[in-house]
Amino acid sequence: MARKFLITTSAISLLALLAAPAHAGGRPDGSSRAWFGQINTGWAFPTGDSGDFLDDDWTFGGGAMYWPSDWSIGIGLDVNYSKFDFSSMAIGAINDLINQDPTNDGEITGGDVENWQFALNGVWSLGPQTDSGFYLTGGISWNRVTGRVTNTGLVYYPPFCDPWLWWCVPGGVGPGTIVAGKQDTDEFGWNVGAGYSFDTGYGGKIFVEARYQQIQFDGDNLEYIPLTVGYRW
């Protein structure tokens with residue numbers, strides 16, 4: 001409920017801001033150069049059915065933007081990383097399925113979904129100025145998605161010796177996380193969002209951005225909204 005309230009509130013706030021009269025933003029400065037860099041980090045909220053089996057988690061990324069000074073639209077190439085842990089409800093549902101198999105007496109204690117994303121986006125300024133204010137963004141993505149299920153057990157830790165300080169940590173057996181199952185897949189996705197950039201007075205721009213991300217599988221889609229803060233220069 002809290003997640004849905006936060007996402008709904010954020011969406012309403014963005015729509016209200018976009019409706020307000022203001023100069024547009026997205027491009028870092030008004031100089032004649034065309035290439036810019038950017039980094040970002042924030043919090044990602046799984047939505048829809050994805051919100052039932054994945055927990056919120058951190059995300060980060062970076063990339064480059066091509067935006068000549070006489071264009072109202074820029075082109076961004078982003079590399080983003082997100083990782084979501086399975087919710088307790090998802091872990092319980094998987095264990096219920098395992099218990100239905102009389103030949104299987106195992107169980108899982110955790111799991112996660114990891115995504116490396118390469119996105120090609122357009123960035124559109126919502127007014128006569130491009131250096132500060134509101135902008136829209138949207139595009140397509142290629143996603144390397146990895147799903148894992150894990151359990152807790154005894155694992156062997158090898159010894160480790162520091163070559164500079166001349167001390168060693170002995171190896172041994174102790175509790176640890178064991179990957180019980182893993183699957184990788186490459187999937188197409190798309191995104192759409194909005195943001196606001198702030199003038200720093202030093203040439204670069206701080207921006208706040210929210211995107212709706214959908215990764216399309218044969219069955220259910222993976223959906224989440226990263227709310228990020230970043231810097232373009």
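Residues numbered from 1 in each chain as written. Predicted model: local features only at pLDDT ≥ 70, side-chain atom pairs only at ≥ 80, totals over all residues. Heavy atoms only, no water.

A. Region of the structure containing the pairing of strand E10 (residues 222-232). Of all 11 residues making up E10, eight are buried, and the element is well covered by its neighbours. Summarising the sheet, strand E1 (residues 35-46) and E10 pair through nine bridges and their orientation is antiparallel. Counterpart to Trp 43 in the pairing with E10 is Leu 227. Bridge count between strand E9 (residues 205-215) and E10: nine bridges; the pairing is antiparallel. Across the sheet, residue Val 208 finds its bridge partner in E10, namely Val 229. Joining the antiparallel neighbours E9 and E10 is a turn of six residues. (Buried < 20%, exposed > 50% of the residue type's maximum accessible area, 1.4 Å probe, protein only. Helix = DSSP H or I, 4+ residues; strand = E, 2+ residues; numbered from the N terminus. Pairing = 2+ DSSP bridges.)

B. View of the pattern of salt bridges. Enumeration according to the criterion identifies eight salt bridges in this entry. For Arg 144, the salt bridge identified is with Asp 186, shortest N-O distance 2.9 Å. Taken together, the positions of Arg 144 in strand E5 (residues 133-157) and Asp 186 in strand E8 (residues 172-199) put the pair 42 residues apart, joining distant regions of the chain. One salt bridge connects Glu 209 with Arg 232, and the closest N-O pair in it is separated by 3.4 Å. Of the two residues, Glu 209 is situated in strand E9 and Arg 232 in strand E10; the sequence distance between them amounts to 23 residues. (Salt bridge = Lys/Arg side-chain N within 4 Å of Asp/Glu carboxyl O.)

C. Representation of the layout of surface pockets. Quantified by volume, the largest pocket comes out at close to 380 Å³. Lining of the largest pocket is provided by 14 residues; of these, Phe 53, Val 113, Val 145, Gly 147 and Phe 217 occupy positions nearest its centre. Sorting the residues of the lining of the largest pocket by element identifies helix H2 (50-53), E5 and E8 as the ones contributing at least two each. Residue composition of the lining of the largest pocket, grouped by class: six nonpolar, six polar and two charged. (1 Å grid on protein atoms, 1.4 Å probe; cavity = no way out; pocket = protein on both sides within 12 Å on 5 of 7 lines; lining within 4 Å. Points joined across faces, edges and corners; volume = space filled by probe spheres on them. Nonpolar A, V, L, I, M, F, W, Y, C, P; charged D, E, K, R; others polar.)

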